[in-house]
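A closer look at the structure
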Amino acid sequence: MSAAVAKSSQLVDSLRVQLRSQAADIDHLAAESSEERALIKSLRVEVASLQAAQRTDAQDLVRLAGRLLALSQTTGLEIDDTTKAIFRRRGWTSSSRHREASKQ
């Protein structure tokens with residue numbers, strides 16, 4: 001009987017040690033998880049900021065392209081081939097860019 005009680009006590013002690021170890025692991029993982037969530041939130045804010053800046057830059061470039069075409073047509077100066085190729089690739093024809101530049 002005494003041996004069974006001793007063995008049971010050892011088992012309980014072993015389980016307590018395992019439980020403490022698992023609790024420590026859980027605490028560690030929870031701390032890591034909080035840090036990672038904070039990092040993810042920070043990265044999402046940064047991505048949103050970069051996307052907004054990129055949209056603004058793209059809108060500015062479209063406006064500048066329209067004004068460049070309008071200026072080119074007004075002055076009669078020819079736009080270089082590289083710029084023409086960019087306009088064609090973007091589907092920006094002289095007449096459509098001229099109309100957009102006139103709106104601004």
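Not measured: the values here are computed from a predicted model.

Definitions and cut-offs
Residues numbered from 1 in each chain as written. Predicted model: local features only at pLDDT ≥ 70, side-chain atom pairs only at ≥ 80, totals over all residues. Heavy atoms only, no water. Salt bridge = Lys/Arg side-chain N within 4 Å of Asp/Glu carboxyl O. Helix = DSSP H or I, 4+ residues; strand = E, 2+ residues; numbered from the N terminus. Expected span 1.5 Å × (residues − 1). Buried < 20%, exposed > 50% of the residue type's maximum accessible area, 1.4 Å probe, protein only.

Comments concerning the pattern of salt bridges
Inspection of every chain in the model, using the stated rule, returns 3 salt bridges. With its nearest N and O atoms 3.2 Å apart, the salt bridge here joins D60 to R63. Of this pair, D60 and R63 both sit in helix α1 (residues 2-75), 3 residues apart, which is roughly one turn of that helix. Where K84 meets E78, a salt bridge forms, and the shortest distance between an N and an O atom there is 2.3 Å.

A word on α1
Along its 74 residues, α1 runs 108 Å from first to last C-alpha, staying within 8% of the 110 Å computed at 1.5 Å per residue. Residues A65, G66, L69, A70 and S72 constitute the buried set of α1. Two residues or fewer after α1 comes G76, characterised by a positive phi angle close to 80°.

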